[in-house]
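Structural characterization, general
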Amino acid sequence: MCVHVRNDLTQVALLEGRSLTEHYVSRPADDVTQIHGNIYLGKVQNVLPGMEAAFVDIATPKNAVLYRGDVQFDKEDVVEQGPEPRIEQVLKRGQLILCQVTKNPIGEKGARLTQEVSLPGRFVVLIPDSKTYGISKRLPENERRRLRSVLDRIKPEEHGLIVRTAAENATEHELATDMKQLVERWDRIKEKATKANSPTLLYREPSLAVRVIREEFSSDYRGIVIDDRPLFEEVRDYIGAFNPEFVDRVEFWDEKQEGFPLFEQYRVVEQLRKGLDPKVWLPSGGSLVIEHTEALTVIDVNTGKNVGKTNLEETVLGNNLEAAEEIARQLRLRDIGGIIVIDFIDMEVKENRRKVVEAFRRALARDKTRTQVFDISELGLVQMTRKRIGEGLLTAFADTCQTCHGRGVIVDTDLLEDDAAVVAGSDLPESSR
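What counts, and at which threshold
- Residues numbered from 1 in each chain as written.
- Predicted model: local features only at pLDDT ≥ 70, side-chain atom pairs only at ≥ 80, totals over all residues.
- Heavy atoms only, no water.
- Helix = DSSP H or I, 4+ residues; strand = E, 2+ residues; numbered from the N terminus.
- Buried < 20%, exposed > 50% of the residue type's maximum accessible area, 1.4 Å probe, protein only.
- Contact = heavy atoms within 4.5 Å.
- Areas by Shrake-Rupley, 256 points an atom, 1.4 Å probe, with all protein chains shown as cover.
- Lys, Arg positive; Asp, Glu negative; His and termini not counted.
- Charge placed at Lys NZ, Arg CZ, Asp CG, Glu CD.
- Core = buried A, V, L, I, M, F, W, Y, C linked by side-chain atoms within 4.5 Å.
- Axes fitted to C-alpha atoms, helices over the stretch in contact; angles between N-to-C directions.
- Parallel < 35°, antiparallel > 145°, perpendicular 65-115°, else oblique.
- Left-handed = near helix turned anticlockwise from the far one by under 90°.
- Nonpolar A, V, L, I, M, F, W, Y, C, P; charged D, E, K, R; others polar.
- Pairing = 2+ DSSP bridges.
- Expected span 1.5 Å × (residues − 1).
- Salt bridge = Lys/Arg side-chain N within 4 Å of Asp/Glu carboxyl O.

1. Topic: the overall build of the chain
- The secondary structure content of the chain amounts to 13 helices and 21 strands.
- A principal-axis box enclosing the C-alpha atoms of the chain has dimensions of 85 × 65 × 55 Å.
- Sorting the 433 residues of the chain into buried and exposed places 43% on the buried side.
- Sequence separation of at least 24 residues holds for 62% of the intrachain contacts in the chain that already meet a minimum separation of 6.
- Summed over all atoms, the accessible surface of the chain reaches about 24,400 Å², with 49% contributed by carbon and sulfur.
- Averaged over its 61 positive side-chain charges, the chain has a centre that lies 4 Å from the centre of its 73 negative ones.

2. A few points about the nonpolar core
- Of all hydrophobic cores here, the largest spans 48 residues; its most connected members are Leu-175 and Ile-239.
- Counting residues per element, this core draws most heavily on helix H4 (residues 172–195), at seven residues.
- If near-sequence neighbours (up to four positions away) are discounted, Leu-175 is found in contact with Phe-123, Val-124, Leu-147, Val-150, Ile-154, Ala-167 and Ala-170.
- Core analysis: the next-biggest nonpolar cluster, separate from the first, contains 28 residues, Val-280, Leu-288, Met-347 and Val-356 among them.

3. Some thoughts on unusual backbone geometry
- Its identity is not glycine, yet Ala-59 carries a phi of approximately 65°, on the positive side.
- Looking at the secondary structure, you find Ala-59 in the loop between strand S5 (53–57) and strand S6 (64–67).

4. Looking at the packing of helix H5 (residues 208–216) against helix H6 (residues 229–242)
- Interhelical geometry of H5 versus H6 gives an angle of 30° and a closest axis separation of 10 Å. Here H6 runs roughly parallel to H5, going by the angle between their axes. Here the hand of the crossing between H5 and H6 comes out right-handed. Of the residues in H6, those touching H5 at Ala-209, Val-210, Ile-213 and Arg-214 are Leu-231, Glu-234, Val-235, Tyr-238 and Ile-239.
- Residue classes in the contact of H5 with H6 are distributed as seven nonpolar, no polar and two charged.

5. Section: the pairing of strand S3 (residues 19–26)
- In this structure, strand S2 (residues 9–16) lies alongside S3, joined through seven bridges in antiparallel fashion. The residue of S3 that forms the bridge with Ala-13 is His-23.

6. A few points about the packing of helix H10 (residues 312–334) against helix H11 (residues 350–364)
- In contact at an axis separation of 9 Å, H10 and H11 are set at 20° when each is read in the N-to-C sense. In terms of orientation, H10 and H11 fall into the roughly parallel class. Note that H10 runs across H11; the crossing there is right-handed. The segment H10 lies against H11, with Glu-313, Leu-317, Asn-320, Leu-321, Ala-324, Glu-325, Ile-327, Ala-328 and Leu-331 engaging Asn-352, Lys-355, Val-356, Ala-359, Phe-360, Ala-363 and Leu-364.
- Tallied by class, residues from the contact of H10 with H11 come to eleven nonpolar, two polar and three charged.

7. Examining the sheet that holds S2
- Read from one edge to the other, the open sheet built from five strands follows the order S3-S2-S1-S14-S15, with strand pairing classed as mixed. Among the strands making up the open sheet, the edge pair consists of S3 and strand S15 (250–252). Between one strand and the next, the sheet's axes are offset by a mean angle of 20°, whatever the strand orientation.
- In the packing of helix H9 (residues 268–275) onto the sheet, the strands contacted are S2 and S3, and the crossing angle to S3 comes to about 85°.
- H10 rests against S2 and S3 of the sheet, and its axis sits at about 20° to S3.

8. Looking at H4
- For H4, which comprises 24 residues, the first-to-last C-alpha distance of 35 Å matches the rise-based estimate of 34 Å (1.5 Å per residue) to within 8%.
- Of all the positions in H4, only Glu-174, Leu-175, Asp-178, Met-179, Leu-182, Val-183, Trp-186, Ile-189 and Ala-193 are classed as buried.

9. Here we look at the sheet that holds strand S19 (residues 338–343)
- On the basis of which strands lie adjacent, the open sheet formed by six strands has the order S16-S17-S18-S19-S21-S20 and mixed pairing. The sheet terminates laterally at strand S16 (279–281) and strand S20 (371–373), the two strands that pair on one side only. Put simply, the sheet's adjacent strands are angled 20° from each other on average, direction ignored.
- Relative to S19, strand S18 (residues 296–302) is paired through five bridges, and the arrangement is parallel. From the neighbouring strand, Asp-300 faces S19, where its bridge partner is Asp-343.
- Against the sheet, H10 makes contact with S16, strand S17 (287–292), S18, S19 and strand S21 (381–386), and its axis sits at roughly 150° relative to S18, the strand it touches most.

10. Considering the pattern of salt bridges
- Under the counting rule described, the total for this entry stands at 23 salt bridges.
- Linking Arg-332 and Glu-16 is a salt bridge whose minimum nitrogen-to-oxygen distance equals 3.3 Å. One end of the pair, Arg-332, is in helix H10; the other, Glu-16, is in strand S2, and 316 residues separate them in sequence.
- In this structure Arg-332 comes out as buried when scored by relative accessible area, which is 11%.

Written as structure tokens, this is what we have:
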């Protein structure tokens, strides 16, 4: 994990070997747009029964949206009509509610909210006022049994807990300490909420580097390299509090002493440039073309320079398998979310189509962001979804063209004006004017 800090920019790069797999960017202005995980006291602006949603003022430029499925309420406080109350029976205009952002505002869309608050720590996630209880499925079964017995002893009755993958081999003392800190944080949030009488921020997620390290760092990582002294000390203290045995994995990169930037050492800049290019080359000579639209992202797979050695079906299968692995990496690197359509090269053998889809799903298993992949359709397309959390790599480093407004073409309005002049001309029949 490489962390590069400038006055106006913080970047975190995650590498598997020498290959860049994920990249995060944070700027001072992101306090308004990158609010995922923040907790607010919001004010209901209006309730839309037909949309089963409410728009909520959370003291940000755009109102956030809260859907019926994310509303929490006490049934004793609601006069029910039917088995489940409707949203207009639960929320009223002007009502103050405690809520958490689950999705950043993107484009013209406001943030998405939930009333089921969660507070992530290093080893556990606290779900206040809930009966939720769970342990990461990524942990081995014997470790899950050990953690379950620990939780039976330390879990608070009034709150729910989810044990994270990072809790593997964590002691009872470490888990109890982490949980205690989260409970104290929740008490401070509730106290602040009771004193507020208007939309306000109650809790802000920590800085990007600390947040990514909290979510990602584990024994699988060989190290964290940081080129900013204050942040290096902050991260070292943070890890030292939870995983003292990993403190020596946090390194400081002195650019003046080393003679070149951190990102140059690990070829991050070079890979970022390729990550911004719509065309991606595959090892055997094939290529991908990645195109973004407002509605979805389209990925086209081509053989390119890959001419194969045996027959067409084997050549296409090998190219598609390479493409499946690379597409999974590009989705993480570019942080592509929403609907994604992949046009693999047509294969005649049904078994080969199955192999490609299975290889693609295995490659996506390393992606912590939720994905759903469907089988190859009759048109030879793979349709999938990937949960959209951020705006993606391209948005972080690019601005919309002010001339074409992102369309990629410039409309010749002079031609339209000439046509209008002809229509308005006096040489047309009276009935056509």
